[in-house]
Amino acid sequence: MNAVLIIDSRLTTALLHAGQMEKQLGVDTVTATKFTQLKELLSSGKRFAAAVVDPLLSDDPEGMAVDLLLDEGIPVIVCTSFANTALLETLANKPLIDCLDKMDEEYSSHMIERVERVVKHQATPVLIVDDSATTRILYTEFLSNLNLNLLVASDGFEALQRLKEYPDIKLIITDYNMPEMNGVELTKKIRKHYARKELCIIGVSAQGSGELSVEFLKNGANDFLTKPFLQEELVNRVMINLDLLDYIEKIQEANYRDFLTKIYNRKYVYEMGKKLFENAKRGSMTLACAMIDIDHFKKVNDTYGHDIGDKVIVRLAEELQNAFRKADIVARLGGEEFCVVLSNPQVEKLEAIFEEVRQRIEEIRIDVVDEEHNSFIINFTVSIGVTAKIANSFDEMLKFADQKLYEAKNYGRNLVVL
């Protein structure tokens, strides 16, 4: 990820902002206090995800730093004193992400929020649909400094084709008045395949009637804009809608994650597993399921306490995540029970794969300290049941794997059974 550039005539302020961003956003930062430094940085070819600028630099009395950054296509957030009205007039018509007042006690948090937005959404595919080439160019210019992946279509049919070519499009801005298929009709067609939580649609029209905005919203649009509008309004509507998608994604992600280990939970296994099972049943892929259980886990809890038991569970989750590919599902079903769903495994190698996992787990050593400050080492083992049998349902596959796990327990534990 490209770094964030921070420009301020006061080095202490620049370093303060840099520290805040590195801590809260985890981004790299570069600071400058003079216009000459900025020119050197840009001439070096270094790219930046965004720039936070106070244009009042000692060697830049005319505020050329902002124009230079915009010319380089870098999103700019200005943080300055609003007491300088002449400067504000100069900045008023520039395509800034925002202009924040340093005298506002909340400006620092607003700055972090704006930078996070820009960094988070850079390269996000956004589609502009309008039969007017002039309007398409205008919207593209309005949004050019957000570093989005801007795509265009001249009508509804071309827009649907763009969606096939770029299925990861996150936002569509569509005009209402278009030949053959108007914006509302296009919205209805899109909503047959994309839910509001997957893709945002902003309807646009010069007809500012309430009826039209309601028609757009009732048929699946997330937002509506009446022409003419300011560049700032379009920029903010786009960013707000992308923020909404990101927020929904975070909620869904939290809903599918186990609170203790942060790996997937039972809900995710059953929902995604059923989809994979249908593909496997059609012969599109192979599928395998494994049930994994910590041996004598109750004894661990009874002997060392539940806090130590939680450490064992977390450590096992880490080992399982490291052992399998990203395409595979590693989940905690509850308690000491885990599940792994493998997509397209080499079935003949399943026993060897899980035997290696079992051995790696057996070799784990956990250093712990109890409430009385005694230090000791814990090791543990697991029993594993595996199946690649495509049954009548995904639930039935899990039951087969569970039966194999039960056999492993009966045969003495610390075993893999297929």
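Described below are features of the structure shown in this document. Just so it is clear, the structure is predicted and the values come from calculations on it, not from any experiment. (Residues numbered from 1 in each chain as written. Predicted model: local features only at pLDDT ≥ 70, side-chain atom pairs only at ≥ 80, totals over all residues. Heavy atoms only, no water.)

## Notes on the overall build of the chain
Secondary structure summary: the chain contains 15 helices and 18 strands in total. Rg of the C-alpha trace for the chain: 28 Å, well past the compact-globule value of 22 Å for 418 residues, more than 25% over. Pairs at least 24 residues apart make up 65% of the contacts formed inside the chain by residues separated by at least 6 positions. Summed over all atoms, the accessible surface of the chain reaches about 21,200 Å², with 49% contributed by carbon and sulfur. Put simply, the chain has 49 plus and 66 minus side-chain charges, and the middle of one group is 6 Å from the middle of the other. (Helix = DSSP H or I, 4+ residues; strand = E, 2+ residues; numbered from the N terminus. Rg over C-alpha atoms; globule rule 2.2 N^0.38 Å. Contact = heavy atoms within 4.5 Å. Areas by Shrake-Rupley, 256 points an atom, 1.4 Å probe, with all protein chains shown as cover. Lys, Arg positive; Asp, Glu negative; His and termini not counted. Charge placed at Lys NZ, Arg CZ, Asp CG, Glu CD.)

## Some words on the packing of aromatic side chains
One pass over the full model with this rule turns up 8 aromatic pairs. An angle of 75 degrees between the planes, with centres 6.1 Å apart, marks the rings of Tyr176 and Phe216 as edge-to-face. Here Tyr176, found in the loop between β8 (171–175) and α8 (183–191), pairs with Phe216, found in helix α9 (residues 210–218); they are 40 residues apart in sequence, far enough to count as distant. Residues Tyr176 and Phe216 agree in their burial class; the two are buried. Between Tyr264 and Tyr268, the ring centres sit 3.7 Å apart and the planes meet at 10 degrees, which makes this aromatic pair stacked. Among the residues examined, Tyr268 registers a relative accessible area of 15% and is labelled buried. An aromatic cluster is present here, built from Tyr176, Phe216 and Phe224 joined pairwise through their rings. (Phe/Tyr/Trp six-rings, centres within 6.5 Å; stacked < 30°, edge-to-face > 60°. Buried < 20%, exposed > 50% of the residue type's maximum accessible area, 1.4 Å probe, protein only.)

## Re the pairing of strand β1 (residues 3–7)
For β1, the buried fraction is high: 5 of the 5 residues fall into the buried class. Relative to strand β3 (residues 48–53), β1 is paired through 5 bridges, and the arrangement is parallel. Across the sheet, the residue bridging to Val4 is Ala50, located in β3. Following the chain from β1 across helix α1 (residues 11–25) to the adjacent parallel strand β2 (residues 29–32), one finds a crossover that is right-handed. (Pairing = 2+ DSSP bridges. Right-handed = clockwise from strand over helix to strand, strands pointing away.)

## Thoughts on the packing of helix α6 (residues 133–143) against helix α10 (residues 231–255)
The relative placement of two packed helices comes down to the angle between their axes together with the axis-to-axis distance. α10 packs onto α6 with a crossing angle of 70 degrees between their chain directions and a minimal axis gap of 9 Å. Considered as vectors, α6 and α10 are oriented roughly perpendicular to each other. Counting all contacts with α6, which are made through Tyr139, Glu141, Phe142 and Leu143, the residues of α10 involved are Gln231, Leu234, Val235 and Val238. Across the contact of α6 with α10, the residue classes break down as 6 nonpolar, 1 polar and 1 charged. (Axes fitted to C-alpha atoms, helices over the stretch in contact; angles between N-to-C directions. Parallel < 35°, antiparallel > 145°, perpendicular 65-115°, else oblique. Nonpolar A, V, L, I, M, F, W, Y, C, P; charged D, E, K, R; others polar.)

## Observations concerning the sheet that holds strand β17 (residues 382–387)
Hydrogen bonds along the backbone pair up the strands of a sheet, which may run parallel or antiparallel. If you walk across this open sheet you meet the 6 strands as β11-β13-β14-β12-β17-β18, and the pairing is mixed. On the outer flanks of this sheet lie β11 (264–265) and β18 (416–417), each paired with one strand and no other. Pairing of β11 with strand β13 (residues 329–334) involves 2 bridges; the strand directions are parallel. Looking across to β13, one finds that Tyr264 is bridged to Ala331.

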